[in-house]
Amino acid sequence: FSELLMYEASIMAEGGKTECALDHIYKHRAAIVDVEAWLSMAGDLHIKLGQMREAGLIFERLIQRNPENKEYIGQFIKAQQPETEEEALGVCMKLHEKYPRSEAVTVCTLNMCSGETFRAFVDKYMQRQLRKGVPPLFNMLKHQFNDADKMSIISELVHGYCKSLEACQKFHSESEEEELPTSYLHVLIFLAQLFDYKRDIQEALYYIDKAITHTPTYIDPYLVKGKIYKHAGNMVEAVHWLEEARNLDLADRYLNCKSAKYLLRAGMRERAEELCALFTRENQNPVDNLNEMQCMWFLTESANAAYNKQDWAASLQKCHEIEKHFVDIVEDQFDFHPYSMRKMTLRAYIGLLKLEDQLRGHDFYSKGAKVAINTYLHLHDQPNGQTNGHGNGESDGLTEKELKKQLSKQKRAEKWKKKQDEAKEQQQGTTGGKDTQKKNTTGTDGEVVAPPIVGAELVKTETPLEDVMKFLDPIRTLSPQCPDTHTLAFEVFYRKGKILLMIQSIKRAIRTNPSTPEIPLHLTKLCDYVSKHPESDELVKGIIAEEMEGLVPGGKIAAWLDKYAAEHTSGLPQTFSVGCARAFIDSNTTRTHLEAVLKFDFCKATLPSCLYVLEKLQAGSLKPSSEDLALYKKHVHQRYPLCPSFKQEKDIKR
């Protein structure tokens, strides 16, 4: 009955009947047993009605019950109606005096204060956390670095701690008590993370090496060093340091998973599978066991690793396994529907329905879908040119272990297909087909036999642009905030010749992030396609003309590119994309735009942007020669010397 009353109130509130909902929960207050839910709803309704005094009292009670709830803290501050930032800071300070151990209150106070107030507050906070050795301290403070002044204050304080601890074993020379050696260790780790955040790799390595020398048996410095090398673009070295950390505690599942994840990103799939086998079911293939357990991070990383190795079969197989898991998740919830009605957990039931509506908007699905889309685009563009023979079902380039695995899956698929064919024949040739069908589509234990997913069969598709929509449609609907969604959508619709959908994709990409590097080339291709493929329907023709005028006024794409280039002079991917767009318009200028990329000031370029352009150049964009690629790598290597992607072949061999 209590749950039914709360559900009824929530329906009233969603319908805009705020006063009725508030009267309803006060009227039945004695019958509602979920006190925290009652208080939370009452406080929210009071705020909507402008009754701030009552709301403040309620949220004060809620904070007493749970001082780590950020939503309660935010609503309490709102109920106090502060008119200035100083008043809001005063409210936070009072909360901090009352709940000094609350991390949520502390973070809220740090967000509000600035200047010397921030210095005094963060100084006290960091000393306490460094003394205790709280590992996530840097992540707790990282969002403060968006403010340059706050970042400068934190950096200055931590450098001061380091010097003072080295000199007198105190955070400040005027402090009374000496600190333990572990305080100095955690300061060194924090400094390494700080320089890594600034992408000053050499300084980060200097401090993390000091931390490892200080306490060689402490795991955290090895993890941080691995992350530093990852940010430097050297995944092989990052794997080495993650393995060093894992070997310090072989029973730690987190370290095992972290090391396996780095191995996959370094392209060492077999070694990653061997590591995962240490914590999976014995006498079972570790990959099959992880797939059975719906281990999404492993599947997404494996799909990406296979794609990077141009193993299209394995890549598509992992992506389809991810899709199957999301289908299974929805089907598994059917058991919850009668349970919810029986137990009257209606609010949880509504939450489940809303989750199902947004399920494929999860990052795991988005990552897998993007790999699948890129793979299908490759299969469409190069139907007979798949690398390693994986695309046409041959075994060229496969190791013996991979070949055995592929043949085993093919045999299972053939066996399942044969079983289904026999079931159909028996159903057609006998009466009472229902019993026969049931007998032949179930296993020995009575369970339904699902067809195995075989990558070698998936890459044989003759309709990649139709198959790709299975992955594209969900992320277009549920992940519209990601620019990659719309750039990939344009690539698909461009190949399908869907002008209106191309326009929609570009408009969404511009609205999501105007600096998306693919926009110039996509817009140029769109203008070219519209000019070469006039629409016969007058209504559609008018819509296209109106939308194109909004995107490219007067159809002057060259002027649009000039404006875009002027707004993104410091962006390497944007400079490269503008060059590709201009070369698309006039192929005679290709060399000029390639030279502009090679003469770019790489001190302004980030490592991901340099890798992005390298991938495009290696794919043939702007038609670089081997000498041009070598020159590009040489320039970037001077900026990022630790990244092996930019080392010359002679350096790699040496």
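Everything numeric here is computed off the predicted structure, so don't read it as measured data. (Residues numbered from 1 in each chain as written. Predicted model: local features only at pLDDT ≥ 70, side-chain atom pairs only at ≥ 80, totals over all residues. Heavy atoms only, no water.)

**Let's talk about the overall build of the protein chain**
Rules: Secondary structure elements are taken from DSSP: a helix is a run of H or I of four residues or more, a strand is a run of E of two residues or more, and numbering for both begins at the N terminus. Each residue is placed in one exposure class: buried if its accessible area under a 1.4 Å probe, protein chains only, is under 20% of its type's maximum, exposed if it is over 50%, and partly exposed if it falls in between. In this description, contact between two residues means that some pair of their heavy atoms is separated by no more than 4.5 Å.
The secondary structure content of the protein chain amounts to 37 helices and zero strands. In the protein chain, buried positions account for 44% of the 654 residues. Considering only contacts within the protein chain whose residues lie at least 6 apart along the sequence, 61% involve residues at least 24 apart.

**A word on the packing of helix 29 (residues 499–512) against helix 31 (residues 538–551)**
Rules: Helix axes are fitted only over the stretch in contact, all axes being lines through C-alpha atoms; the angle between N-to-C directions runs from 0 to 180 degrees. Throughout, the term roughly parallel applies to angles under 35 degrees, roughly antiparallel to angles over 145, roughly perpendicular to angles from 65 to 115, and oblique to all others. A clockwise turn of the near helix away from the far one marks a right-handed crossing, whereas an anticlockwise turn of less than a right angle marks a left-handed crossing. Residue type decides the class: Asp, Glu, Lys and Arg count as charged, Ala, Val, Leu, Ile, Met, Phe, Trp, Tyr, Cys and Pro as nonpolar, and the leftover types, Gly among them, as polar.
Between helix 29 and helix 31, the shortest axis-to-axis distance is 11 Å and the interhelical angle comes to 25 degrees. When the axes of helix 29 and helix 31 are compared, the pair comes out roughly parallel. Along this stretch, helix 29 crosses helix 31, giving a crossing that reads as left-handed. Residue-level contacts link I499, L500, I503, I506, K507 and I510 of helix 29 to V540, I543, I544, E547, M548 and L551 of helix 31. Here the residues of the contact of helix 29 with helix 31 are counted per class, giving 10 nonpolar, no polar and two charged.

**Considerations on the pattern of salt bridges**
The following threshold applies: In the sections that follow, a salt bridge refers to a side-chain nitrogen of Lys or Arg positioned within 4 Å of a carboxyl oxygen of Asp or Glu.
Evaluated as defined, the whole model comprises 27 salt bridges. When the shortest N-O distance is used, the salt bridge between R347 and D34 registers 3.4 Å. Of this pair, R347 sits in helix 21 (residues 346–357) while D34 is found in the loop between helix 2 (18–27) and helix 3 (35–48), placing the two residues 313 residues apart along the sequence. Exposure remark for D34: the relative accessible area of 30% places this residue in the partly exposed category. Between R360 and E323 there is a salt bridge, with its nearest N and O atoms 3.2 Å apart.

**Some remarks on the nonpolar core**
Worth spelling out the cut-off: In this text, buried Ala, Val, Leu, Ile, Met, Phe, Trp, Tyr and Cys residues form a nonpolar core when linked through side-chain atoms within 4.5 Å.
Core analysis: the biggest nonpolar cluster contains 64 residues, and V122, M126, L141, I154 and V187 have the highest contact counts within it. If you tally residues by element for this core, the top one is helix 11 (residues 181–197), at 10 residues. Not counting chain neighbours up to four residues away, the residues in contact with M126 comprise L137, L141, I154, L157, V158, Y161 and F190. In this structure, A303, A489, V492 and L523 belong to the second largest nonpolar core, which totals 50 residues.

**Considerations on the packing of aromatic side chains**
Convention followed: In this analysis, rings of Phe, Tyr and Trp, with Trp reduced to its six-membered ring, are considered paired at centre separations within 6.5 Å, and the interplanar angle assigns stacked below 30 degrees, edge-to-face beyond 60, and tilted for intermediate values. By definition, being over a ring means that NZ of Lys or CZ of Arg is both within 6 Å of the ring centre and within 35 degrees of the ring normal.
Applying the stated rule across the entire model yields 19 aromatic pairs. Judged by centre distance (5.9 Å) and plane angle (85 degrees), the ring pair of W297 and F298 falls under edge-to-face. Classification of W297 as partly exposed rests on a relative accessible area of 21%. The exposure class of F298 is buried, given its relative accessible area of 1%. Through successive ring pairs, a cluster of aromatic residues spans F138, F145, F190 and Y197. Here the basic side chain of K198 rests over the ring of F195, its NZ or CZ set 5.4 Å away from the ring centre.

**Let's talk about the packing of helix 33 (residues 572–585) against helix 34 (residues 590–598)**
Two elements in contact, helix 33 and helix 34, have axes separated by 9 Å at closest approach and are oriented at 175 degrees. As far as their axial angle goes, helix 34 and helix 33 are roughly antiparallel. On the side of helix 33, the interface is formed by L572, F576, G579, R582 and A583, while helix 34 contributes T590, H593 and V597.

**Focus: the confidence of the model for the protein chain**
Our working definition: The pLDDT value expresses, per residue, how confident the predictor is, ranging between 0 and 100.
In this model, the protein chain carries an average pLDDT of 86, and 89% of its residues clear a pLDDT of 70 or more. Here residues 386–400 is a poorly scored stretch, pLDDT under 50, and it has 28 contacts once near neighbours within four places are set aside; other chains count. Confidence drops under pLDDT 50 across residues 430–441; counting only partners more than four residues distant or on other chains, this segment forms 13 contacts.

**Examining the environment of G226**
Here G226 shows up in helix 13 (residues 220–231). Look at G226 and you get buried, because its relative accessible area is 0%. Sequence separation between G226 and A245 is 19 residues, and the spatial gap between their C-alpha atoms is 9.0 Å. In contact with G226, other than residues within four places in its own chain, are A238, W241, L242 and Y262.

**A closer look at the side chain of Q129**
Along the chain, the position of Q129 falls in helix 8 (residues 115–132). The residues touching Q129, leaving out its near neighbours within four places in the chain, are E103, V134, L137 and M140.

**Some thoughts on helix 21**
Note the threshold: Each helix should span, by expectation, one fewer than its residue count multiplied by 1.5 Å. The arc in question is the one spanned by the directions pointing from the helix axis to the C-beta atoms.
Along its 12 residues, helix 21 runs 17 Å from first to last C-alpha, staying within 8% of the 16 Å computed at 1.5 Å per residue. Burial in helix 21 covers these residues: L346, Y349 and L352. Buried residues of helix 21, seen end-on, are gathered within an arc of 110 degrees and therefore sit on one face of the element.

**Some points on helix 2**
Taken together, the buried positions of helix 2 are occupied by T18, A21, L22, H24 and I25. The arc enclosing the buried residues of helix 2, seen along the axis, measures out at 160 degrees, which places them on a common side. Relative to its buried face, helix 2 has exposed residues pointing more than 90 degrees away, namely E19, D23 and K27. Taken together, the buried residues of helix 2 touch helix 1 (2–14) and helix 3.

**Digging into the environment of F279**
Tracing the sequence through the fold places F279 in the loop between helix 16 (269–276) and helix 17 (286–292). When the C-alpha positions of F279 and A251 are compared, they lie 9.1 Å apart, and in sequence the two are 28 residues distant. If we ignore the near neighbours within four places in the chain, the residues touching F279 are L250, A251, D252, R253 and N256.

**Considerations on the state of the cysteines**
A covalent bond bridging the sulfur atoms of two cysteines is what the word disulfide describes. This is how it is decided: Note on disulfides: each one is a pair of cysteine sulfur atoms within 2.5 Å.
Within the structure shown, the criterion is met by zero disulfides. For C108, which is in no disulfide, the shortest distance to another cysteine sulfur is to C92 and amounts to 3.5 Å. Take C643: it sits in no disulfide, and the sulfur closest to it among the cysteines is that of C610, at 8.8 Å.

**Looking at a nonpolar patch on the surface**
Put simply, the test is: Patches draw on residues past 30% relative accessible area with no salt bridge. Two like charges within 9 Å are joined, as are two nonpolar side chains (Val, Leu, Ile, Met, Phe, Trp, Tyr) within 5 Å. Working definition of accessibility: Shrake-Rupley area with a 1.4 Å probe, residue cover restricted to the visible protein chains.
Residues L500, L539 and I543 make up a contiguous nonpolar surface patch of roughly 280 Å² in combined accessible area. When you line up the elements, L539 lands in helix 31. Judged by relative accessible area, which is 64%, L539 ranks as exposed.

**Structural notes on a negative patch on the surface**
So the rule is basically this: In this tally, Asp and Glu contribute negative charge and Lys and Arg positive charge; neither His nor the terminal groups of the chain are included. Charge positions come from single atoms, namely NZ of Lys, CZ of Arg, CG of Asp or CD of Glu.
Judged by side-chain charge, E83, E85, E86 and E87 come together as a negatively charged surface patch. Mapped onto the secondary structure, E86 falls in helix 6 (residues 85–98). Residue E86 is classed as exposed on the basis of its relative accessible area of 59%.

**What about the side chain of E323?**
Convention followed: For this analysis, a polar contact is any N or O atom pair within 3.5 Å, provided that within protein one partner can donate a hydrogen and the other can accept it, and provided that sequence-adjacent residues contribute only side-chain to side-chain pairs.
Mapping E323 onto the fold places it in helix 19 (residues 312–332). A polar atom in the side chain of E323 sits 3.2 Å from the side chain of R360. Every residue in contact with E323, bar those within four places of it in the chain, is listed here: R360, Y365, K470 and F471.

**Notes on the environment of R476**
Along the chain, R476 turns up in helix 27 (residues 469–478). For R476, a relative accessible area of 15% translates into the label buried. In the structure, R476 is positioned 29 residues away from S505 in sequence and 9.1 Å away in space, judged by C-alpha atoms. Contact partners of R476, with chain neighbours within four places excluded, come to T485, A489, F493, L501, Q504 and R508. A polar atom in the side chain of R476 sits 2.3 Å from the side chain of Q504.

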